[in-house]
Amino acid sequence: LDAESWQVLLRFDGHRFAVKTFAWCKQYKCVASGGLDRDILLWDLATGSRMGRLRGHQAPVLHAAYYERQDNLFSLDQRHHVLVWDVSRQALLSRTNTDEGG
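Fair warning: this is a prediction, and the values are worked out from it, not measured in the lab.

Peer 1: Outline the overall build of the chain, supporting the account with residue identities and numerical values.
Peer 2: Across its full length, the chain holds zero helices and eight strands. Counting from the amino terminus, helix and strand elements in the chain follow one another as β-β-β-β-β-β-β-β. The C-alpha radius of gyration of the chain comes to 14 Å, within 12% of the 13 Å expected for a compact globule of 102 residues. Summarising its shape, the C-alpha atoms of the chain cover approximately 50 × 30 × 20 Å along the three principal directions. Evaluated residue by residue, the chain yields a buried proportion of 37% over its 102 residues. Long-range contacts, defined as pairs at least 24 residues apart, comprise 28% of the intrachain contacts of the chain with a sequence gap of at least 6. A total of about 6,600 Å² of accessible surface is found on the chain, and carbon and sulfur atoms cover 49% of it. Here the chain holds 13 positive side-chain charges and 12 negative ones, and the gap between their average locations is 5 Å.

Peer 1: Lay out the sheet that holds strand β4 (residues 50-55) in plain terms, naming residues and giving numbers.
Peer 2: Pairing within the open sheet is antiparallel, and its four strands lie in the order β1-β2-β3-β4. Edge strands, defined here as strands with exactly one partner in the open sheet, are β1 (19-25) and β4. With direction set aside, neighbouring strand axes in the sheet form an average angle of 20°. The pairing of strand β2 (residues 30-35) with strand β3 (residues 39-44) spans five bridges and is antiparallel. Opposite A32, over in β3, you have L42 as the bridge partner.

Peer 1: So what about the pairing of strand β5 (residues 61-67)? Which residues, and what values?
Peer 2: The pairing of β5 with strand β6 (residues 72-77) spans six bridges and is antiparallel. Opposite V61, over in β6, you have D77 as the bridge partner. Hairpin connection, β5 to β6: the antiparallel pair is bridged by four residues, and D71 has positive phi, about 60°.

Calculation criteria
Residues numbered from 1 in each chain as written. Predicted model: local features only at pLDDT ≥ 70, side-chain atom pairs only at ≥ 80, totals over all residues. Heavy atoms only, no water. Helix = DSSP H or I, 4+ residues; strand = E, 2+ residues; numbered from the N terminus. Rg over C-alpha atoms; globule rule 2.2 N^0.38 Å. Buried < 20%, exposed > 50% of the residue type's maximum accessible area, 1.4 Å probe, protein only. Contact = heavy atoms within 4.5 Å. Areas by Shrake-Rupley, 256 points an atom, 1.4 Å probe, with all protein chains shown as cover. Lys, Arg positive; Asp, Glu negative; His and termini not counted. Charge placed at Lys NZ, Arg CZ, Asp CG, Glu CD. Pairing = 2+ DSSP bridges. Axes fitted to C-alpha atoms, helices over the stretch in contact; angles between N-to-C directions.

Here it is as structure tokens:
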């Protein structure tokens, strides 16, 4: 969104349902978005094009955060599962249930 004209500069289309979280990755100049469709999409901020889709959640994605030292993205879903992703390979590294006894 342009601050002066209020015009949309880039539009990110790709999620089938509402987006609930964004995470900025300075290293790749991209954004990860996650939401009710259970997917995480990676977006190039310069062009607005989709760089990838991370699939693995079985519930809506509520939070996402990059840990750039390890080149990892952490995502948390509604069922309290945390998935750790290798961003450069777009691969799932691990899955943890954060529920008590899980």
